[in-house]
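The lines below spell out each chain.
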Amino acid sequence: MKEKKQGKQQKVSPKLSAQKSEEAMIAGIIEGSPDGIGVAVIRLECGCRKMAAVDKNGDPASKVIIYRDQAESICDQCKADNGAYSRVKEEFIHWVEPTPDEATKQMITGKVLGTRSTH
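Here's what I pulled together on the structure shown here. Every value quoted in this text rests on a predicted model; they were computed, and no experiment measured them.

Analysis parameters
- Residues numbered from 1 in each chain as written.
- Predicted model: local features only at pLDDT ≥ 70, side-chain atom pairs only at ≥ 80, totals over all residues.
- Heavy atoms only, no water.
- Helix = DSSP H or I, 4+ residues; strand = E, 2+ residues; numbered from the N terminus.
- Expected span 1.5 Å × (residues − 1).
- Contact = heavy atoms within 4.5 Å.
- Polar contact = N/O pair within 3.5 Å; in protein donor to acceptor, adjacent residues only side chain to side chain.
- Pairing = 2+ DSSP bridges.
- Axes fitted to C-alpha atoms, helices over the stretch in contact; angles between N-to-C directions.
- Salt bridge = Lys/Arg side-chain N within 4 Å of Asp/Glu carboxyl O.
- Buried < 20%, exposed > 50% of the residue type's maximum accessible area, 1.4 Å probe, protein only.
- Arc of directions from axis to C-beta.

## Observations regarding helix α3 (residues 102-113)
With 12 residues, α3 extends 16 Å between its outermost C-alpha atoms, agreeing within 8% with the 16 Å of an ideal straight helix rising 1.5 Å per residue. Elements in contact with the buried residues of α3: β1 (38-44), β2 (48-54) and β4 (88-95). Its side-chain oxygen at 3.1 Å from the backbone nitrogen of Ala103, Asp101 defines the N-terminal cap of α3. Just downstream of α3 lies Gly114, where phi reads positive at about 80°.

This is how it looks when you write it as structure tokens:
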């Protein structure tokens, strides 16, 4: 399956979805988070990722995990600033089936990822 390359967007897109390399991490986070109804996925410009499960109220349902694919450790920049918000490239919530209704999704997304202008 081919994915469209997203430019350097800084807005939440409903078309973003988990990459193959992220799916195992998401599954592990959900497995360890019985209250989780989704996993917030934040991709940073450096290639590191931050993930955490969220519950039905938009509250954390797991610890935040930061990792880098096929690396023993996260990058030095993430070690220094813990994956600063200013370096976020893409962000979305990977929902667990059955997914919540659209209003609940929007509430949780706003609470977890916030809202920001792309200008």
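## A short note on the sheet that holds β2
Taken in spatial order, the four strands make up an open sheet running β3-β2-β1-β4, and their pairing is antiparallel. In this open sheet, the two edge strands, each paired with only one partner strand, are β3 (65-68) and β4. Taking each pair of neighbouring strands and ignoring which way they run, the sheet shows an average axis angle of 20°. As judged from the four bridges shared by β2 and β3, these two strands associate in the antiparallel manner. The residue bridging Lys50 from the neighbouring strand is Ile66, located in β3. The strands that helix α1 (residues 20-31) touches are β1, β2, β3 and β4; relative to β2, the one it contacts most, it runs at about 30°. The sheet contacts of α3 involve β1, β2 and β4, and relative to β4 the element is tilted by about 140°.

## Considerations on the pattern of salt bridges
Here the structure, examined in full by the defined rule, presents nine salt bridges. The salt bridge partner of Asp69 is Arg49, with a shortest N-O separation of 3.2 Å. With Asp69 in the loop between β3 and α2 (76-81) and Arg49 in strand β2, the pair connects residues that are 20 residues apart, well separated along the chain. The partly exposed category is assigned to Asp69, whose relative accessible area is 26%. Through salt bridges with shared partners, a single network forms among Glu22, Arg43, Arg49, Asp69 and Glu90.

## As for α1
In this model α1 runs 17 Å from its N-terminal to its C-terminal C-alpha over 12 residues, within 8% of the 16 Å that 1.5 Å per residue would give. What α1 keeps buried is the set Glu22, Ile26 and Ile29. End-on view of α1: buried residues confined to an arc of 60°, all on one side of the axis. Those residues of α1 that are exposed and aimed more than 90 degrees away from the buried face are Lys20, Ala24 and Glu31. If you follow the buried residues of α1, they end up packed against β1, β2, β3 and β4.

Any functional reading would require information beyond the geometric quantities listed.
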